[in-house]
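Examination of the molecular architecture
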Amino acid sequence: MAVVYLAEQLEPVKRRVALKILKPGMDTKQVVARFESERQALAVLDHPNIASIFDGGVADSGRPYFVMELVKGVPITDYCDEQRLRTEQRIRLFLDVCAAVQHAHLKGLIHRDLKPSNILVGVVDGKPQAKVIDFGIAKATSTTLTEATLYTRLGQLIGTPQYMSPEQANLTGLDVDTRTDVYSLGVVLYELLVGAVPIDLTGIGDQSMQVAIREKEPSKPSTRIKELGDTQDEIAKARNTDIHSLRRQLRGDLDWIVMRAIEKDRTRRYETVNALWMECQRFLNREPVLARPPSAGYLLQRFVQRNRLAVLAASITIVAVCVGATASVLGYLRAKDAELVARQESARANRVAEFLKELLAASKPSNARGEDVTVRQVLDAGVEKVRSELDEPELKASLLEIMGDVYTDLGDFQQAEQLLLESIDIHRETGDPLALAAALDEFGQLLRSRGDWQASVSVMEEALAYARRVSGEASLEVQASILNSLGFSASKLNRFGDAEKYHREALALRRELFGPEDVVTSQSLSSLGFLLYKTGQYDESVELMAAALRIAERELGPYHPVISTRALNLSSAYLRTGRFSEAERLIRKAIEIDEYVYGPDHHFIASGLLNLAALYREQLDFERAAKTLQQALPIETAALGDRHVDTGHTRATLAYYYSQSGNFQDAEELITIAQEIFDEAALGEHQYKLQLLKTRGALMQATGSYAEALAYYEEALEMATRMYGPDHHRTDLIAGAARAHSSLSQFQRAFHLYAETIELMQRESPGSRPALIRVREEYADVLERAGEHDKAQAIRKETTALVELASQQP
């Protein structure tokens with residue numbers, strides 16, 4: 001329906017783009033509606049693996065057009081063959097495609113025409129990057145794509161037959177949902193692996209084609225490859241292997257995964273694209289895949305594949321024991337000990353399995369008797385069952401600890417504390433220092449979540465001492481976890497030097513234990529990076545947190561909750577350094593993940609909203625920032641309680657936004673409540689107190705009490721210097737003091753503070769942040785008032801240049 005040109009955009013940004021315009025004579029109502037639909041579809045999507053839209057409009061000829069990202073690439077199947085990518089490399093590239101399609105589904109869009117020619121792969125920074133294009137026949141599931149009438153006529157075939165799901169080929173009006181894209185992705189994966197599509201539709205008529213799509217059962221990939229005759233060897237070479245090895249690779253898990261994705265009956269397919277993504281990730285991780293019925297032999301095989309070195313070591317040990325058995329009684333006894341341990345572990349595993357089976361049986365319809373059984377009810381029943389029926393201390397303690405961790409995630413800190421304390425008491429009695437250390441670590445994290453930071457540090461220091469009593473790799477893993485937790489808790493107490501030492505020690509241990517690119521190591525990268533952000537070391541902070549996010553996305557997938565935390569941490573540093581568009585993308589991604597995983601009312605959503613409000617603050621949109629915090633505060637309060645210090649900080653921040661937008665009465669009320677909360681918590685010098693002092697200063701400044709405003713700002717600056725040192729200041733505090741001095745006509749002091757603020761802001765971010773432009777304009781106004789007209793004119797000229805530069809940025 002359209003033609004695509006390579007074009008060059010000249011302003012406001014000079015770049016090469018793809019320009020898509022409706023073909024002459026195609027401007028029927030239906031085609032125009034489809035075209036507008038695609039433009040609107042792309043406008044709501046924001047994903048690195050989906051081609052972006054930049055602009056749109058109507059040409060002089062009256063034909064609509066839109067301008068989009070130029071994707072320099074070739075179809076994914078061509079790229080993989082040209083580069084002779086191995087099977088696992090192809091699957092990793094396919095995972096990026098799944099992530100893009102899942103994003104579209106979360107935005108309420110079904111692509112309906114996924115095929116290799118709509119998945120282009122190019123090379124960016126030396127690495128392949130897949131881009132999904134052409135949403136021309138996308139279907140909205142929950143939003144209206146265009147005001148024009150858009151419908152699919154009954155009997156109209158929509159899509160590309162080779163990649164079309166059976167329900168798309170059913171012209172009786174059967175509803176099409178996101179599982180149709182799962183099917184098409186399954187066909188693409190099939191072709192990536194085998195070099196051919198599941199069903200060859202060449203040379204058959206439309207009606208026969210539709211019947212074949214709906215009814216003909218395809219061969220498994222490992223069988224299909226045999227049917228390709230003389231082309232088999234070339235297909236294998238394109239996958240950098242031989243035909244026999246390729247058949248072995250396809251046989252088994254990949255057969256099961258692909259065939260489930262392209263099931264004729266969509267109720268037997270993967271429910272979501274994310275489920276398909278996770279299944280492929282399990283294959284890459286050598287874990288059991290869900291599509292395959294798990295026999296004991298299969299589970300053992302996957303265990304061996306995941307733990308080759310450990311199994312090899314165990315095998316060597318067994319052989320050595322057998323060889324030495326005829327000459328060594330000691331060897332015999334060791335073998336018997338190992339057998340005993342194995343039996344004990346097996347018995348424990350069976351006991352856990354039986355326990356879970358009994359627990360989950362409560363949710364069966366026959367037992368629930370028509371009532372809906374919630375996860376919380378099952379968990380509560382499990383706690384009672386563990387307490388009353390388990391008589392194995394170590395197993396009981398472990399299950400109580402796990403359940404305590406779950407209650408923490410649910411926000412029930414009181415129940416979590418009871419369970420963790422019970423677990424700790426049992427571990428003290430059994431005398432296992434490493435298990436006790438791990439339990440204390442969990443309890444320390446709970447105390448930090450509740451705002452009891454000093455107790456948290458004390459508990460974690462005790463945990464570290466127990467862990468260091470034990471040697472070996474397992475002890476080092478526990479130590480690294482505790483050190484990471486200690487770093488967070490120490491930073492809450494403004495012990496930034498100690499916190500950095502803990503985080504760097506944890507990072508060093510994890511790099512040694514797991515390697516630099518492991519997802520566990522990435523946790524320490526993110527933790528250290530976030531601490532460095534808080535202490536003003538922005539360059540290293542961004543480098544570490546960006547690496548942590550990259551590793552987590554690669555290892556855990558796009559919709560894992562860990563990704564949300566990493567994205568929010570990195571967004572904070574981006575905000576501070578003026579990289580607003582990157583920050584906003586990460587914040588919205590985090591909120592999207594948390595809503596997908598936890599639902600819209602979970603307390604994790606509040607964290608994303610807090611960062612989103614901070615973005616609006618940096619853009620000087622205080623009304624929007626306030627509205628966003630108004631959404632976050634009740635969610636946070638419901639999870640943490642009305643008098644938690646974090647809710648006090650949120651109130652103090654909201655009061656600041658109110659003071660900047662003229663809502664002085666509500667600001668005063670929130671300041672009073674925040675002060676009460678901090679007093680109840682006996683909060684000393686802390687970043688939360690800095691926020692409260694800044695808010696008081698801003699409110700006094702806005703209401704004309706300039707001397708009081710200056711007193712609050714100066715108190716905050718003295719506290720910040722004590723907390724962070726003389727080289728790390730809060731630019732907004734210095735700017736606030738400058739405003740107060742200028743309002744009191746203390747011009748020389750105001751000049752000095754404005755100049756210092758500008759220097760620090762430029763050091764943080766060389767770009768043109770709105771806050772920097774605002775401070776420059778204020779500085780020029782004060783210079784003008786003091787009669788320094790030439791200096792004021794020079795500042796305004798520099799500011800105008802910065803504004804123009806900002807307008808040219810994409």
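Being a predicted model, the structure only gives us computed values, none of them experimental. Every chain is numbered on its own, with residues counted from 1 as its sequence reads. Local features in this predicted model are restricted to residues of pLDDT 70 or higher, and side-chain atom pairs are both shown and tallied only at a pLDDT of 80 or more, whereas totals for entire chains, interfaces and linings draw on every residue. The side-chain values count all of the structure's non-hydrogen atoms but skip hydrogen atoms and water molecules.

1. Topic: the overall build of the protein
- Helix and strand definitions follow DSSP, with helices as H or I runs of at least four residues and strands as E runs of at least two, each counted in order from the N terminus. Along the backbone of the protein there are 36 helices and 9 strands.
- Exposure categories follow from relative accessible area, calculated using a 1.4 Å probe and restricted to protein chains: below 20% of the type maximum is buried, above 50% is exposed, and the middle band is partly exposed. Within the protein, the proportion of its 810 residues that are buried is 49%.
- Note on definitions: a residue-residue contact is assigned when non-hydrogen atoms from the two residues lie within 4.5 Å. Considering only residue pairs separated by 6 or more positions, the protein has 63% of its internal contacts joining residues 24 or more positions apart.
- Summed over its atoms, the accessible surface of the protein is roughly 38,100 Å², and 51% of this surface lies on carbon and sulfur atoms. Accessible surface is estimated by sampling points in the Shrake-Rupley manner with a 1.4 Å probe; for residues, cover comes only from the protein chains shown.

2. Description of the pattern of salt bridges
- Only one rule defines a salt bridge in this text: a Lys or Arg side-chain nitrogen within 4 Å of an Asp or Glu carboxyl oxygen. A complete count under the given rule lists 37 salt bridges for this structure.
- Between E422 and R387 there is a salt bridge, and its shortest N-O distance comes to 2.5 Å. Pair noted here: E422 is in helix α18 (residues 413-430) and R387 is in helix α16 (residues 375-389), with a separation of 35 residues, a long-range link.
- By relative accessible area, R387 is classed as partly exposed at 26%.
- E505 serves as the salt-bridge partner of R468, at 2.9 Å between the closest nitrogen and oxygen. With R468 in the loop between α20 (453-467) and α21 (473-492) and E505 in helix α22 (residues 496-514), the pair connects residues that are 37 residues apart, well separated along the chain.

3. What to know about the packing of aromatic side chains
- Two rings from Phe, Tyr or Trp (for Trp, the six-membered ring) form a pair when their centres are within 6.5 Å of each other. A pair whose planes differ by under 30 degrees is stacked, one over 60 is edge-to-face, and the rest are tilted. For the structure on display, the rule yields 10 aromatic pairs.
- Aromatic pair W453 and Y688: ring centres 6.1 Å apart, planes at 75°, arrangement edge-to-face. Taken together, the residues span a long stretch of sequence, with W453 in helix α20 and Y688 in helix α31 (residues 687-702) at a distance of 235 residues.
- Judged by its relative accessible area of 6%, W453 is buried.
- The class for Y688 is buried, based on a relative accessible area of 7%.
- With a centroid separation of 5.5 Å and an interplanar angle of 40°, the aromatic rings of F530 and Y533 are classed as tilted. Taken as a pair, F530 and Y533 lie in helix α23 (residues 519-534) at a separation of 3 residues, close to a single helical turn.
- Aromatic ring contacts, followed pair by pair, group F747, F751, Y754 and Y779 into a single cluster.
- Counted as over-ring charges are cases with an Arg CZ or a Lys NZ within 6 Å of the ring centre that also lie within 35 degrees of the ring normal. Just above the ring of F54 sits the side chain of R15; from NZ or CZ to the centre is 3.8 Å.
- Above the face of the Y656 ring, K694 is positioned so that its terminal group lies 4.4 Å from the ring centre.

4. Some remarks on unusual backbone geometry
- Phi at D125 takes a positive value of approximately 55°, unusual for a residue other than glycine.
- For D125, a relative accessible area of 77% puts it in the exposed group.
- Of note in the backbone geometry, S745 takes a positive phi value of approximately 60° without being a glycine.
- For S745, the position within the fold is in the loop between α33 (731-743) and α34 (747-764).

5. Looking at the confidence of the model for the protein
- A residue's pLDDT is the confidence the predictor assigns to it, expressed on a 0 to 100 scale. Residue-level pLDDT values for the protein average 81, and 82% of them are 70 or greater.
- No element of the protein has a lower mean pLDDT than helix α15 (residues 365-368), at 39, and none a higher one than helix α5 (residues 179-194), at 96.
- In the predicted structure, residues 142-155 sits below a pLDDT of 50 and forms 30 contacts with residues beyond four places in sequence or in another chain.
- Confidence over residues 362-373 falls short of pLDDT 50; this stretch has 10 contacts with residues more than four positions distant or in other chains.

6. Re the side chain of H427
- Relative to the helices and strands, H427 is located in helix α18.
- Once you skip the residues sitting within four places of it in the chain, H427 turns out to touch A397, E401, D432, A435, L436 and A439.

7. Considerations on the side chain of K115
- Among the structural elements, K115 can be located in the loop between β6 (109-110) and β7 (119-124).
- Relative accessible area serves as the criterion here: at 17%, K115 is assigned to the buried category.
- As used in this structure description, the phrase polar contact means that two N or O atoms lie within 3.5 Å; if the pair is within protein, one of them must be able to donate a hydrogen and the other to accept it, and residues adjacent in sequence are counted only when both atoms belong to side chains. Side chain to side chain, K115 and T160 meet in a polar contact 2.8 Å long.
- When residues no more than four places from it in sequence are discounted, the contact partners of K115 are T160, Y163 and V188.

8. Remarks on the nonpolar core
- With 134 residues, the main nonpolar core has I482, Y657 and L690 as its most contacted residues.
- Looking at which element gives the most residues to this core, the answer is helix α32 (residues 706-724), with 9 residues.
- With residues near it in sequence (within four places) discarded, I482 still touches A437, D441, M460, A463, L464 and A467.
- Counting residues in each nonpolar core, the second largest holds 56 residues, with V197, V258, A261 and I262 among its members. For our purposes a nonpolar core is just a set of buried Ala, Val, Leu, Ile, Met, Phe, Trp, Tyr and Cys residues, chained together by side-chain atoms within 4.5 Å.

9. Remarks on the pairing of β7
- When DSSP finds two or more bridges between a pair of strands, those strands are recorded as paired. Judged from the 2 bridges that link them, strand β5 (residues 74-75) and β7 form a sheet pairing that is antiparallel. Looking at the pairing, V74 lines up with V121 of β7.

10. Overview of the sheet that holds β5
- Overall, antiparallel pairing links the 3 strands, which are arranged β5-β7-β8 in an open sheet. One side of each edge strand has no neighbouring strand; the edge strands of this open sheet are β5 and β8 (127-132).
- Seen against the sheet, helix α3 (residues 87-106) touches β7 and β8 and runs at an angle of roughly 35° to β8. Angular values range over 0 to 180 degrees, each being the angle between N-to-C directions of two axes fitted as lines to C-alpha atoms, with helices fitted over their stretch in contact.

11. What about a positive patch on the surface?
- Patch construction takes residues with relative accessible area above 30% that form no salt bridge. Like charges are linked within 9 Å, and nonpolar side chains (Val, Leu, Ile, Met, Phe, Trp, Tyr) are linked within 5 Å. Only four residue types enter the charge count, namely Lys and Arg as positive and Asp and Glu as negative; His and the chain termini do not. Where a charge lies is defined by one atom per residue type: Lys uses NZ, Arg uses CZ, Asp uses CG and Glu uses CD. A surface patch of like charges, here positive, comprises K220, K226, R248 and R251.
- Looking at the secondary structure, you find R251 in the loop between α9 (243-250) and α10 (253-261).

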